[in-house]
Each structure stands twice: as C-alpha cells, then as structure tokens.
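Structural description and commentary
Chain by chain, the residues:
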Amino acid sequence: MKKQAIIIYLFVVALLLASCRKDVELLLSEVTSTDPGASAAGRYAGLYLLNEGNMGSNKATLDFYDFVTGNYHRNIYAERNPSVPKELGDVGNDLQRYGSRLYAVINASNKIEVMDARTTKSIGRIEIPNCRHITFQEGYAYVTSYAGPIEIDPEYKQKGYVAKIDTATLKVLDTCIVGYQPDGIAVSNGNIYVANSGGYRGAGKSTNYERTVSVISIATFREITQIDVDLNLHRIKTDSRGDLWVSSRSDYRDSPSRLYFIDHRKQAVTDTIDLPVSNFAITGDSLYLIGMGELAQRADYFSIVNTATREVVNSGFITDGTDKGLETPYGITVHPETRDIYITDAGDYINPGYLYRFNREGKKIWSVQTGDIPAHFVFLPKNINMSPL
Amino acid sequence: MNSLKLILFCVAAVILPGIAHAARPAASLQPVAGGMDLADSLYLPEVVVSAKVQREIIPAQTLSGNELKGLNSFSVADAIRYFSGVQIKDYGGIGGLKTVDIRSMGSNHMGVFYDGIQLGNAQNGQIDLGKYSLDNLESVTLYNGQKSEILQSARDFGSSGSIYLRTRYPRFESDKDYNLRGILRSGSFGLINPSLLWEQKLSTSLSATFNTEWVSANGKYAYRYRRIHPVTHEVVYDTTATRENGDVNALRLEGGLHGFVPSGNWKLKTYFYSSERGIPGAIVNNVWKRSQRQWDRNFFTQGSFLKSVSPRYDILINAKYAHDRMRYLNPDTTLMYIDNSFTQQEAYLSLVNKYALLSDWDISLAADWQWNGLQSDLDGFREPTRYTTLIAAATAVDFGRVRLQGSILGSWINESAAGDEQRRSAREQFSPALFLTYKPLDSHNLHIRAFYKQSFRMPTFNDLYYTDIGNVDLDPEESHQYNLGAAYDKSYWQGVIRHWEVKADAYLNRVTNKIIAVPKGNGMYRWMMTNLGQAEIKGVDLSASAISEVHKEWLLKLRMTYTHQQASDLTRRPNKELEKITYGGQIAYIPWHSGSLTAGLQHRLWQLNYSFIYVGERYRSSANTPENYEQPWYTSDLSLSRSFTNDRFNSKLTLEVNNLFSQDYEVVLNYPMPKRNYKLTLTVEI
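Let us look at the structure shown here. It should be emphasised that the depicted structure is a prediction, and the values quoted were computed from it without experimental measurement.

Here the focus is the overall build of chain A. When helices and strands are tallied, chain A shows three helices and 29 strands. Relative to the 2.2 N^0.38 estimate, which gives 21 Å for 389 residues, the radius of gyration of chain A is 23 Å and therefore close to what a compact globule would have. Taken along its principal axes, the extent of the C-alpha atoms in chain A is 90 × 55 × 45 Å. A total of 389 residues make up chain A; the buried ones form 62% of that total. The long-range share in chain A, meaning contacts at least 24 apart out of those at least 6 apart in sequence, stands at 48%. Here chain A has roughly 13900 Å² of accessible surface; of this, 50% comes from carbon and sulfur atoms. In chain A, 41 side chains carry a positive charge and 45 a negative one; their mean positions are 3 Å apart.

A tally of regular secondary structure across chain B gives five helices and 37 strands. Its C-alpha atoms give chain B a radius of gyration of 25 Å, near enough to 26 Å, the size a compact globule of 686 residues would have. Seen along its three principal axes, the alpha-carbon backbone of chain B occupies a region of about 70 × 60 × 50 Å. Across the 686 residues in chain B, those meeting the buried criterion constitute 59%. Pairs at least 24 residues apart make up 63% of the contacts formed inside chain B by residues separated by at least 6 positions. With an accessible surface of roughly 26800 Å², chain B has 59% of that area assigned to carbon and sulfur atoms. Charged side chains in chain B number 73 positive and 68 negative. The centres of these two groups are separated by 3 Å.

Let us look at the sheet that holds strand 25 (residues 329-334) of chain A. All names here are of chain A. Spatial ordering of the open sheet is given by 25-26-27-28, a layout of four strands whose pairing is antiparallel. Since the sheet does not close on itself, it has two edges, and those belong to strand 25 and strand 28 (364-372), each with one partner. Pairwise comparison of adjacent strand axes, ignoring direction, gives a mean angle of 20 degrees for this sheet. Across four bridges, the pairing between strand 25 and strand 26 (residues 341-345) is antiparallel.

Before going further, it helps to examine the pairing of strand 14 (residues 191-196) of chain A. Residues and elements named next belong to chain A. Within strand 14, six of the six residues are buried, which leaves it mostly tucked inside the rest of the structure. For strand 13 (residues 182-188) and strand 14, the ladder comprises five bridges, and the chain directions are antiparallel. From the neighbouring strand, Ser-188 faces strand 14, where its bridge partner is Asn-191. Strand direction decides the pairing type here: strand 14 and strand 15 (residues 212-217), joined by five bridges, are antiparallel. What sits directly across from Ile-192, in strand 15, is Ile-216.

All right, on to the nonpolar core then. Formed by 69 residues in total, the largest nonpolar core has its most connected members in Val-76, Ile-80, Leu-129, Tyr-132, Val-140, Ile-163 and Leu-165 of chain B. Residues contacting Ile-163 of chain B, with those up to four places away along its chain left out, are Ile-80, Val-100, Met-110, Gly-111, Val-112, Phe-113, Leu-129, Val-140, Thr-141 and Leu-142 of chain B. In this structure, Ala-281, Leu-295, Leu-326 and Tyr-356 of chain A belong to the second largest nonpolar core, which totals 20 residues.

Residues and elements named next belong to chain B. If you trace the backbone, Asn-414 turns up in strand 22 (residues 402-417). Look at Asn-414 and you get partly exposed, because its relative accessible area is 38%. Considered as a pair, Asn-414 and Pro-262 are 152 residues apart in the sequence and their alpha carbons are 39 Å apart. Setting aside residues no more than four positions away along its own chain, Asn-414 makes contact with Thr-385, Arg-386, Tyr-387, Ser-425 and Ala-426.

Turning our attention to unusual backbone geometry. Here Gln-267 of chain A, not a glycine, exhibits a phi torsion of approximately 50 degrees, which is positive. With respect to the secondary-structure elements, Gln-267 of chain A resides in the loop between strand 19 (258-263) and strand 20 (268-273). Its identity is not glycine, yet Asn-659 of chain B carries a phi of approximately 50 degrees, on the positive side. Structurally, Asn-659 of chain B is set in the loop between strand 34 (650-658) and strand 35 (666-668). With a relative accessible area of 4%, Asn-659 of chain B lands in the buried category.

What follows is about the packing of aromatic side chains. Geometry of an aromatic ring pair is reported as the spacing of the ring centres plus the angle between the planes. Taken as a whole, this structure holds 40 aromatic pairs over all chains when the rule is applied. Directly above the ring of Phe-261 of chain A sits Arg-310 of chain A, whose terminal nitrogen or CZ lies 4.3 Å from the centroid. Residue placement shows Arg-103 of chain B over the ring face of Tyr-507 of chain B; its charged tip is 3.7 Å from the ring centre.

All names here are of chain A. Spatially, 9-10-11-12 is the arrangement adopted by the four strands of the open sheet, whose pairing is antiparallel. With one partner strand each, in any of the chains shown, strand 9 (131-137) and strand 12 (171-177) form the two edges of the open sheet. Strand after strand, the sheet turns through a mean of 25 degrees between neighbouring axes, direction not considered. Where strand 9 meets strand 10 (residues 140-145), five bridges bridge the pair, whose relative direction is antiparallel.

Turning our attention to the pattern of salt bridges. Residue and element names in this part refer to chain B. Counted under the stated rule, the structure contains 58 salt bridges over all chains. A salt bridge links Lys-269 to Glu-254; the nearest nitrogen and oxygen atoms lie 2.7 Å apart. Pair noted here: Lys-269 is in strand 16 (residues 264-278) and Glu-254 is in strand 15 (residues 248-261), with a separation of 15 residues, a long-range link. Residue class for Lys-269 comes out buried when judged on its relative accessible area of 11%. Overall, Glu-254 belongs to the buried group, its relative accessible area being 3%. When salt bridges with common partners are traced through the structure, they connect Asp-115, Asp-135, Arg-181, Arg-185, Glu-213, Arg-252, Glu-254 and Lys-269 into a single cluster.

All names here are of chain A. Topologically, Thr-272 is positioned in strand 20. According to the relative accessible area criterion, Thr-272 is partly exposed, its value standing at 28%. For the pair Thr-272 and Tyr-260, spaced 12 residues apart in sequence, the C-alpha to C-alpha distance is 4.5 Å. Not counting chain neighbours up to four residues away, the residues in contact with Thr-272 comprise Arg-258, Leu-259 and Tyr-260.

Once that is clear, we can look at the pairing of strand 16 of chain B. Residues and elements named next belong to chain B. Direction of pairing for strand 15 relative to strand 16: antiparallel, over a ladder of 14 bridges. Within strand 16, the residue paired with Arg-252 across the bridge is Tyr-273. Of the pairings in the sheet, the one linking strand 16 to strand 17 (residues 293-310) comprises 15 bridges and is antiparallel in character. Looking across to strand 17, one finds that Arg-277 is bridged to Gln-294.

All names here are of chain B. Relative to the assigned elements, Asp-115 resides in the loop between strand 6 (110-114) and strand 7 (117-118). Of the polar contacts made by the side chain of Asp-115, one reaches the side chain of Lys-269; its length is 3.5 Å. Once you skip the residues sitting within four places of it in the chain, Asp-115 turns out to touch Leu-165, Arg-166, Thr-167, Lys-267, Lys-269 and Gln-302.

The next subject is the state of the cysteines. Taken as a whole and judged by the stated rule, the model has zero disulfides over all chains. Cys-176 of chain A takes part in no disulfide bond, and the closest cysteine sulfur, belonging to Cys-131 of chain A, lies 17 Å away.

Calculation notes
Residues numbered from 1 in each chain as written. Chains lettered and ligands numbered in written order. Predicted model: local features only at pLDDT ≥ 70, side-chain atom pairs only at ≥ 80, totals over all residues. Heavy atoms only, no water. Helix = DSSP H or I, 4+ residues; strand = E, 2+ residues; numbered from the N terminus. Rg over C-alpha atoms; globule rule 2.2 N^0.38 Å. Buried < 20%, exposed > 50% of the residue type's maximum accessible area, 1.4 Å probe, protein only. Contact = heavy atoms within 4.5 Å. Areas by Shrake-Rupley, 256 points an atom, 1.4 Å probe, with all protein chains shown as cover. Lys, Arg positive; Asp, Glu negative; His and termini not counted. Charge placed at Lys NZ, Arg CZ, Asp CG, Glu CD. Pairing = 2+ DSSP bridges. Axes fitted to C-alpha atoms, helices over the stretch in contact; angles between N-to-C directions. Core = buried A, V, L, I, M, F, W, Y, C linked by side-chain atoms within 4.5 Å. Phe/Tyr/Trp six-rings, centres within 6.5 Å; stacked < 30°, edge-to-face > 60°. Lys NZ or Arg CZ within 6 Å of the ring centre and 35° of its normal. Salt bridge = Lys/Arg side-chain N within 4 Å of Asp/Glu carboxyl O. Polar contact = N/O pair within 3.5 Å; in protein donor to acceptor, adjacent residues only side chain to side chain. Disulfide = S-S within 2.5 Å.

Listed below in structure tokens is the structure:
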C-alpha cells in the first residue's frame, strides 16, 4: 500500500519540481564585447543591423554595434520601446536612415517603423501593406509594395506600387502603380528606379516573372518608362555617377542570376557582369557582391566590381578562408572610411545568425551572434545632420 | 491574480497525493486492440476488464469508455494529450491544426489507424487529429513501436509509433434490436455540435450502424498578451484581443455494417467528412486577423474480413479506397493570391496469414499493396504516383515466463512524377523489430519488457515534388528505437482499492537522415528539403492508474502520466559558429518535463472529472536562447455530469469548464490559446 502512495507522490513532486509559470518578461538587449579597432576614430558612431526573422515568427529585431566601445548590443528595439505590443514585428525587409530618423520596413507587419536614429525610440509608423524597400529624396520617402489594387483575379494580375510619403507627417501622399511585386528602389537624377520581380507569379512558370525596371519621374510621380533587364529582379542601387546596378534572382532553374548595369542617360542596360548575385553593396567605386548557389563550388563568390570600369577587380575579397565556413551569406555592407567589410550569415533562417567583420584586406576581425536572419545595415554618423549615405 | 493561481496549483499538488494515499485506487483497463477484437469482456461497476487470450507483449496506453468521455476532450488530439511520451502541436481553437509527435521523433513517424486501417496523407504526412471527433469513438490507444500482435497488416508494422482509433461497436440488449443516441453540444467559440447515432440489428449475425455529426463554430475567443519589465516589474503592455478567422463548419457521415460468419467476422465502413475553416494564422505586430481559408473533403470506404480457417490458421483481409480533396485559398490581395486544390487518392489491399506451428509458437506473413496519387492545379506541380508493396514476416513465441515477438518488414516503393521530365525512383527498405517480455514472478503481475525497432518514414509528396521546394533525391528518414520498461498491476476483489497499476519505460531514439528544410542558394529566402538532420532522444515515460471504491457507491479513478525527454538536435552545420548555437540543443517545442493527471469521481448518477495537463519549459527552436524560451503551461479542466434514467430512455447532462484558471499560454509561437471556456452537452439514448 505504501508503495503506490510513494509512486503517486513522486509523480506530483516531479511536476512541481518542473517550475510553475511566471509573468512573461520583456526581453532586454544582450551585450557582447568586441575589439572596436580603428573605426572608433572616424565619423561614424556605430552600425545598425536589422534581423528579418522568419515569416510568422514576429522576430524582426534590431542590433547595434557601437564603434566607440566595441560593444555589440543584440535586440535593442523592445528595450527602448517596451510598450509596443508584439515588439518590432514580423520580417524586417529593409532599414534606412534619413536625417535623424531610422526607417525599418517590416514587411509582414505591413508597416514602416520610424525611430529616432540615435535612441531608436519609436516616433511613429507608416502603414503600407506588404511593404518591401524604401528610399528618400527631398523630404519624401518612397516605398515599394507588393500590394496592388484590390481585385480578385485567379490569374493574379495585381501589380505593385510605390508609395510617396511625407517624412514630416508620415502620411502617404500618393501611389504609383509599377510592375508585379516590385522590390529594390533607388533614386538617380530626378527619377525613381524600381526593380520589379514578379515573384508571386513566376513560381512554376518562369515566363511569368517580371523582367523590367520601372522608371518614375519624381516631378510627376508617374511611371515614364520600363527598362527590360532580366527575370525576377531584386536589388537596385545607384553608384557615384548616378548609374544603376540591378541584380536578377533568375528563375532558380535554367537561367542564371546576374548583375546588370543601367546607364541612367540611355535608360537602358548597357553592361552585364556574369556573376550570380544575391546581394551587393556599393562604396566609392567598389561594388562588393555576395554570390549565389553553392558556396563551395564558386571561387568568385565574394567579388568586387569596379563601377567605373565595370570589371571584376577582385574575385575573392575574403582572404583568410573564413568564407569556406559560412552557411548562408546574406547581408553585406562596407564601412565608407575604413573599408571594413561586414557580412552576415543567415544560417538556416530559423535560428540566430552571425555577423562577421573583416578588414579591408579581407581578414576576419571578429564575429558575433545576431538575431534570426541578420540582413540590413545602416551606419550611424556621429553628426546626425550628415547627409544620408 | 497570478500568485493566487500559483498557490491554488501548489496547494492542489500537495493535497492530491494525500487524497490518493487515502483513496488507494487501483485497477485496470486492459488495453484493447484497435482492429477487430473478440475479447471477452467482463463488466465490473463501470470498469471494463477485457482479458485477451494472448496478452500483448508491450502493453499500450488506452483511453476508453467513461474515462475517455470524462476528459473534456473535443477531438482525438485533446485526448491524446493524456498519454505519456506524446507532445501535441496545437495551433489553438476548435478548428486549429493539431498534430501529434510521439517520443519526439516527429509527427510523420506516427501512424494513425481508424478501425484497424491506416489513415494516409501522402501529401504532407500529417494527420490533423483535431479533425477526428471523439463522438463515436470507443477507445483511443497508443502503441510505442508497434501494436505487438502478429495477425495484422504489414502497414501495422510500419510506423515508429501508432495510434488506434476504434469506433463504437454495436451491442444490443437482449430485448432490443436498435440503439439510438443523440448528442447536442454547445458553448464557447459559438459552438453548435449535434450528432446522431443509429445502430440497427438486422439479424443475429448482421448489424448496421450510422453516425453523423455537425460542428459549427465561429471559433472566436479572447486571448491576452501581457509583458512585464524584468527590472522594474511594471506591466509594459497588456493587450486582450479576439481570435478571428478560426471558424469551422464540418459535417461527418459514417456508416458501417458488422457481420459474423462461422469462426470469423467482417465489417464495412464508409466515412465522409466535409469542412470549411478559417486559418487563424500567427498573431504578429500590427496583424491581428488573417483571411486564409481551407476546405477539406475526405472520403474513404474500407472493409475487413477475419476468419479462422482452421484452429491453426487465421486469415485477415483489409481493403480501402480513399479520396481526399483539400483547397487552400488566400484571398488577401495584399499578399500572394493563392487558390490551389490538391486531390489525393489511395487504394489499399492487404492479406495476412497466421499459422500456429505449435500451441505456443505462431508465425505470420502479411502482404500489402498500396497506390497513392496526388493531383494539383498548382503551377509547376509534378503530379506524383507511388506504388508501395509491403511484406511483413512475424513470429510470436510464448515460453511461459518469456514471450518474444519478432518481425521484419520489407518495403518496396516505386514512384513516378509527371511534369517537366518524367522521373522515376525506386526505394527499398527493411525494418526489423524485436519485442520481448519477461514475467519473473508467478504470484505477481510484474512484466519486464524491452524492444528494438528500426523504421522509416518516406519523404512526403510535398518534400519530394512541391514546386521549387521539393527535392526528388531525398532518402527516407530513419528511426531507431530502444526501449526498456516494466509494468506492475494488482487487482482486488474487495476493499477500498480495486486495482492499481504502474508502468515505466526508458528509451533511446535516434533519428537519422531527418528531412529538414534548408535555405536554397543564398540570400533568396527559398528553401529546399534535405536529409541533413540528426536527432537523439533519451526519455522516460511513467504512468500510473488506480480505481478505488472510496466509500460505498463512491468510485474514484485516478490516472497520472509523466514524461521526461532530453531530445537533442545533433544536426551538423557548415558554419561551426552557428552549429555551436543549435548543436545539442533541446529540439523545438519538446519540454524536458510534461505530465498529466486525471481524476474521476462517480456517485450514483453523478460524475465529476478533473483533468490537469502540465507542459514544462521548452524552447521554440534548437537554439536554446532566451528569445526562444517558452514558459511552462498547465491547464485544469473540470466537468460535472448527471445521468437521468427512466424506462424509455437514458440521458445525461454535462457541464465542462476548460482552462479553469484562464491561463494565457501558447503551445506554438504566436498562436495564442483560449482562456477559460465552457461547454454544455446533452446526451439522450433510446
């Protein structure tokens, strides 16, 4: 008789030993110390990194690397804005600074979070469904969105649009319809350039992908032309001469991903770099790119293109072998002064990633754990009134 | 408020052992096999003890009869939570997806059998147990390894773990040739749930049964997110909202014929289920409502025939045809508009022979043949067809104190897929299993048992062929299970305690070639299925139950389970720094500690049931970091019922309160669970 009583008691004790539920606490930031190196001396105070977080996980988080102290602060948004229900949101798709403000495009939360660039305290939000990328010009923000006109159509004919937002009031002033599922956006010489992807249409049927860059006149805010490029365009950036570099994702099957050059005067593709590109960053006349496909199979996975000569000048800018141990190179930026290279590894997309800092010779300085899918960078100037990069 | 709950819980936990000690319950529900069972049943007051001619080598966990009804469970998934070694992924609400993971091997390793024949889902391998009603079920039984019988189809040998759902078998009182039962449930979530059962005796050897059920619910419930600042302890936000788009409207129709032939029986069953439901989706910042919808239409018809051809030779024939259609709609035009339909078909035939070589030595040979096809209007979908041949040879030997059972299953799977290019693939797998039980003492019902089983799960059609994600080169995912355990039970013909039993098992599972999604290419946010995963699970399952006549006409039944699992993700990764974060981490959503307690008290026409579930702390991914930490949750459910009887009919009224302390919790990240909710059930039997 005693025996079963003891057993029963053990069950309950075991349940009790496993602890009871407490109030759910807000997550505070975590700090990792690194060697700040020489970058502390420059014009920049630090570097923001937006982690996307897998869709549905609501794990978009913001990290900050302090150039002065060398401290890496992981997940600062919730701590600075504790009263925002469900924190920063779901899928951080872009991060930019304009003036004294930081703009985080949170794709699956259908909003752009506007923060003070120094404190990351929330200033407001701009509601744009399925927003993708953001750029700025003369007091206005321009945001691409997949969410076209609302109409039920089994052939999915919804085009995307670019929204024009007054950065003073954070109100959407106008929208301009572009191609299907517009992604990257860049400004050059009075025009807005939008990389259309057609990503919702092309799965299963490559010919359905978009292949154009939409050109919008800033003056009229209407599309003036479309430039034919290649399937499934992704990122677009302006170089120091006002010309544009655009990457195609390809159809993931037969046609390869590539990098294209658009001459802003001719409004046409005039050159191509025959490298598959998943991401790139332009600093000075150097375009640093991350390749696509099997990392181990490509020696030119991390290459530098000279944007003036439009030639590959370095086909392996990571020189110490660190690249061989990466899983999913994802985000990239280059310090404008030191030319230190920052690259993220997004790993398996569902677990924390890693940030790698390399010096300009391509040797690793340090690496640090980030949030999930570390992706988008913004340098924070010491003098906040500096013009945006 | 919270501290009050804590105190209540802790007080309950301290008092309960005391009650148990005083009450000394005991007794026994012998597990009854899923398929046909001609067990002699002995009816004790509300306790069914079924004695099988040949006891199972590895006893199962079973919920049946009143115990099953007393669990406040709406679906099979709710009931299975009370088994040890099982974790449920519950996306919340009446219509929400609920899948089962047995001993952390992954939900695709679980076989679910409905009246003896497996429910298939070649498309994604998952059976949503939230869709299976308890309304018409007589028992739910869980087997680790496999059902340790040998007169069973080859598919019964095929899963790492199995759940057998057995529908009500028509039984008639001597002076009646029909039974009628109507049930009406209503309560929270806007639930309206009527059902009707009609059983008709057609002759002494033939009876028919018909059952229909309708579930309608708006699925709305309040949920709450509340966060406390860890330093100041102030509430930083506290938001209560209503869960939207969780509505469900489902109709189930089921008909069957049961017949007897000399030294044998047969049955036929046809099942139809049609539903429309909202997919409530994840609650994330700025998105509190979703609009995706899903329609399901499931149809199957199945039959089985069992006969003893001679005293030594038995045959069993099973056949099935299933046709399942699923449509998914995303009407939200701000997102990718999706309207896709998938149609699956399955044809299945099985023949089993069992021969008694000696009175204590049986052998069997089973051959199954199965065809699966999947069609879809999804762009670029390569419509696959799969032919599976399964041959299982098994033997059972009874040495008296030691009983042994061994089986080997051979699987030959051929596939082809239409589309861009014709693809064919052939796979061959062998799955051995060995079960052993030892009864060391004559005078005591102590059994020591052990098993080893190797099994595999095929990549699903989605894993292999889904547009852009599928990888046709996938290998099957394999599991290896080692189990050692003991069971003890004791019955008493009189006294306060009538029966008690305890079971304990320790196990080690290895999952290799685990199919996981990994990023495809780079920076592209696209996935591909691979065989890269590895996992190792060390666990202990404990359970105990007791039946006691506490006082004259006061019957108490207690049941407890406890599970400890250390489920390690041993997946190697290219980036060693990232590997350090996840390698060896506890697998997503597997708690180290979990358990349940149920207590049923019966007095004349009254019955009071209390059920408690505890799921300990766990992480939402193998990266066991603070941001992935999930707190324990535990819910208490209470139900009170009273029966009314007269000459013409029996009826029963039941009031349930679920999540009594209104705990706000999530089983799956961003899928909030309901707060306290109620249900009222009226049952009338004629």
